[in-house]
Amino acid sequence: MIIRQVSVIFFLSLLLAIGGCSSNKTKGGENGAMGSDGIEDGAPIDVGEDDYSSSGLDDDGSLILDPLDDPASDLFVRTIYFDYDSANIREDSLLIVREHGKYLSSSPERLVRLEGHADERGTREYNLALGEERAKSVREVLLLEGAQEEQVEIVSFGEERPAVEGTDDAALQLNRRVEVVY
Amino acid sequence: MKRIYKLLVLAIVLLSTNAYALLEIEITQGVESAMPVAITPVAGDVPIQATLLESVVFSDLHRSGYFSIIDKKNYPQQSVELDQVDYPKWRNVGIEALLTMKATSAGEDKVRVQFELYDLVRKNRVLGHSVTTNKNQLRKVAHKISDLVFEKLTGIKGAFSTRIAYISEAGSNKGKKYQLQIADADGYHPRTVFSSSKQLLSPAWAPDGRRLAYVSFENDRTEIFVQDVTTGKRSKISSEPGINSAPAWSPDGASIALTLSFGGDPDIYILDVESRKLRKLTDHYGIDTEAAWSPDGRFVYFTSNRSGAPQIYRVSFGGGSPKRMTFEGNYNAAPSVSADGNFIAMVHKNDAGYGIGLLDIERNSFKLLTDGTLDEAPSFAPNGSMIIYSTRHNNSTVLSAVSSDGRVRQRLRLQKEKVREPSWSPFRR
C-alpha cells in the first residue's frame, strides 16, 4: 500500500513535469525544437513524420502518460478473474474494478468495452450467458463508482475465445475472465 | 491390364475397409436386450460396392443399439439365395432375423441392389426388393435399406437417411476457420453451408429440414441467421443489443425460441417468424437459455440458474411459471427432447466430468448415458433411437452417437477438424 502511495506521488510529479514540458513546447513553435527537455533548441532531431499515432507521443510530441499505462496503477490490471460458474467479483478484484470506475467517472470522454468470457466446461450457450453476467457484474461496479452508462459497452464471447489453450485448472482459471478494453 | 485392374480393386477395397474402421463402435454394456441379427456377406460381381453396402448397413444397424449383429463364423449358411433359408439351422444358433444383400453391375456407373429380410422366428420373408442406382448414390440406398430393416424389426421409423448439422473448427490461433456443415447421419459426405473466420454456434434445423438457424460472431457479437441449405439464401433474424443466441424452431415452424439479453439478463423469447414480433417467454434475473420444444409445441424446456446452478425447467408455450424438471446433481443444461416427448437428454455434470444424461419424464428417473469428460450438445434423432453429441477425443472434439438406452456408442471420426454442436435433422417431408 505504501509503495502504491509513493508511486502515485511519483506519478503526479511526473504529470506536473510533463505539463511543464508541453507548455514550453507550445512556446517553442513548430520547428521541432524540444525546449527544456535537455536537448538544445534547433538540434536536428529526427522524430519521423508527423504521425505520432503509434509513437507513444501526443500531437505536441509529448509522451502520453495516461494513468491507464502506469504499470504500478490498479488501472493497469485489465483482466478480472472469476470462480467456476460464478459472476461474483472476488474481494481482491473489487478494488481494481472500483479504480476503473473512478477513472471513467473522472474521464467522461473515455469509453470502455467489457468482454466477458468463460472456461470450456459446461455448455457453450450457458457460457455465453455466463460471460455476459460477468461483464455485467463489472459494469455494475463501474456505474456505482460514477461511470456513465454510455461509457460502458458489454459483450460476451462465452467460451469461444479462450485466453489460453489447455484443460488444466490453471488454464481454466485464466479463461474465466472479463477483459477491460479501453 | 487385367492384373493392374485387380490390383486397383484390391487397393480400393482396402481403402474402403480402412474408412469403415474409422467408425469406432464401442459396445459399452451387455447385449442381452438386443435382437440377434445376421447379415450375410454381400454377393455379386461388384466387390467395391458390395463392401460399401455391407459396411454402411452393418454400422447403421449396429450403432442403433437395437441389434446385436452376430459374427459370420456362426452362420449356418454363408450365402442365401432367394427363399432358400434353412430356418431350423438359423434358429439353432439363436438368430432372429437375417438380412441378405446382393450387388450386381447394371451397366456403366450403375449397380443393382437386391435385399431380403427374413424373420427367422416366424419363418417368412418380411421384406425384399431390388433397386438400380448410380454407384455414387449407393450410400443413400444403403441408408434407405437400413431404414426399412429398422422399421420392420422394431416398428420404429428408421432415421439413417437423415442428416446432421454441426460446426467445424480448423486452423491455429493465428487464423481459424469455422464452418457450418451438414453431413449424412453417420458423418459421411460433409458439405459446407457457411464459412467464417469468426465463431459459429448452435445450428438448429427448421422442421422442414431445409433451413438452419445459427449464431454467428461475424460482427464480433452474437447475431442469429437463418439459411436455406439448398439455395444458400441467408437472412439475419435477430441482432438485438446483448446476446442473441440458442435458436430453436417450434415444431410447426411458425416460431423460433431464442435467448436475448437486451431486457437486462438472458431470457427466452418467442420470435414469430412471419410477423417478426417478439414475445418474452421467461422473466428472471438469472440466466435462462437453451430452449428446446416439446414435440407437440405445448412446452418449451430451457436451462436456468434461477436455483443457483443450471437446471432444466419447462414453461408452457403461452407463458406462466416454469416447472423445474431436473434435481439430480448441480449442473444440467442443454436439453433435447425425444420425438415422443417422454425423454430429455442433457449435459449432466458428474464425477467423471460432463456427460450426457437422460431423464424419463413420466417415471422421473435419471440415467447417465456417457462417461466423457466434456460431452456437449446432445441432439435426439428424429425417431428417438439415438442421441448425437460432441465429445473430447485425443485432444480434439469429435461427434459421437449413443443409443437412447446408453448401450452402444459410436464415434464418427471422419475429418481432421474439431467438430461440435451437432443437430440432428428432422425426417424429410
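Counting starts from 1 at the beginning of each chain's written sequence and moves along it residue by residue. To read the labels, note that chains go from A and ligands from 1, taken in the order they are written. Note on the predicted model: pLDDT of at least 70 is required for a residue's local features to be given, and 80 or more for side-chain atom pairs to be given and counted; whole-chain, interface and lining totals, by contrast, use all residues.

**Focus: the overall build of chain B**
Secondary structure is summarised from DSSP: a helix means a run of H or I of at least four residues, a strand means a run of E of at least two, and numbering begins at the N terminus for each. Helix and strand content of chain B: 4 helices and 31 strands. The C-alpha radius of gyration of chain B comes to 23 Å, within 12% of the 22 Å expected for a compact globule of 429 residues. Exposure criterion: with C-beta atoms placed from backbone coordinates, a residue whose C-beta has 20 or more other C-beta atoms within 10 Å is buried, one with 12 or fewer is exposed, and one in between is partly exposed. Within the span of chain B, comprising 429 residues, buried residues form 47% of the whole. The globule rule used here is 2.2 Å times the number of residues to the 0.38 power, and the radius of gyration it is set against is calculated over C-alpha atoms.

**Considering the packing of helix α2 (residues 47-63) of chain B against helix α4 (residues 138-154) of chain B**
Residues and elements named next belong to chain B. Between α2 and α4, the shortest axis-to-axis distance is 9 Å and the interhelical angle comes to 40°. With respect to each other, α2 and α4 are oriented oblique. In this structure, α2 crosses over α4, and the sense of that crossing is right-handed. When α2 is examined against α4, the residues Q49, L52, L53, V56, V57, D60 and L61 are found in contact with a partner set consisting of L138, R139, A142, H143, I145, S146, V149 and F150. Among the residues forming the contact of α2 with α4, the class breakdown is 10 nonpolar, 3 polar and 2 charged. A fitted line through C-alpha atoms represents every axis, and for helices the fit uses only the stretch in contact; the resulting angles, taken between N-to-C directions, go from 0 to 180 degrees. Angular relationships are summarised with four words: roughly parallel below 35 degrees, roughly antiparallel beyond 145, roughly perpendicular across 65 to 115, and oblique for the angles in between. A crossing counts as left-handed when the near helix is turned anticlockwise from the far one by less than a right angle, and as right-handed when that turn is clockwise. Note on contacts: residues are paired as contacts if their backbone-placed C-beta atoms lie within 7 Å. As a working rule, the residues Ala, Val, Leu, Ile, Met, Phe, Trp, Tyr, Cys and Pro are called nonpolar, Asp, Glu, Lys and Arg charged, and the rest polar, with Gly in that last group.

**Structural notes on the confidence of the model for chain A**
As a per-residue measure, pLDDT tells how confident the predictor is, with possible values from 0 to 100. Mean pLDDT over chain A: 79, with 70% of residues reaching 70 or higher. Taken as a whole, residues 1-40 of chain A scores under 50 in pLDDT and shows 30 contacts with residues more than four places along the chain or in a different chain.

**Remarks on the packing of helix α2 (residues 91-106) of chain A against helix α3 (residues 124-144) of chain A**
Residue and element names in this part refer to chain A. Two numbers describe how α2 lies on α3: the axes approach to 7 Å, and their chain directions differ by 50°. The angle between α2 and α3 places the two elements in the oblique class. Note that α2 runs across α3; the crossing there is right-handed. For the pair α2 and α3, the contacting residues are L94, V97, R98, H100, G101 and L104 in the first and V138, V141, L142 and L144 in the second.

**Re the domain arrangement of chain B**
Taken as a whole, chain B is organised into domain 1 (24-154) and domain 2 (163-424). Segmentation into domains, and thus their bounds, comes from an automatic or database assignment. Relative placement of domain 1 of chain B and domain 2 of chain B: their C-alpha centres are 34 Å apart.

**Section: the nonpolar core**
Taken as a class, soluble globular proteins show a tendency for nonpolar side chains to be buried jointly. The term nonpolar core refers to a set of buried Ala, Val, Leu, Ile, Met, Phe, Trp, Tyr and Cys residues connected through C-beta atoms within 7 Å. B:L53, B:L98 and B:A257 are the most contacted members of the largest nonpolar core, which has 119 residues in total. Those residues within four positions of B:A257 in sequence are excluded, and the remaining contacts are B:A248, B:I268, B:I270, B:L281, B:A291, B:W293 and B:V300. Counting residues in hydrophobic clusters, the runner-up holds 18 residues, among them A:I80, A:Y103, A:I154 and A:V155.

**Details of the sheet that holds strand β16 (residues 255-260) of chain B**
Residue and element names in this part refer to chain B. Within the open sheet, the 4 strands sit side by side as β15-β16-β17-β18. Their pairing is antiparallel. Strands at the two margins of the open sheet, each flanked by one partner only, are β15 (244-249) and β18 (278-280). Taking the axes of each pair of neighbouring strands and ignoring which way they run, one obtains an average angle of 30° across the sheet. By the bridge criterion, 6 bridges tie β16 to strand β17 (residues 267-272) in an arrangement that is antiparallel. Pairing of I256 across the sheet is with L271, part of β17. For two strands to pair, DSSP has to find at least two bridges joining them.

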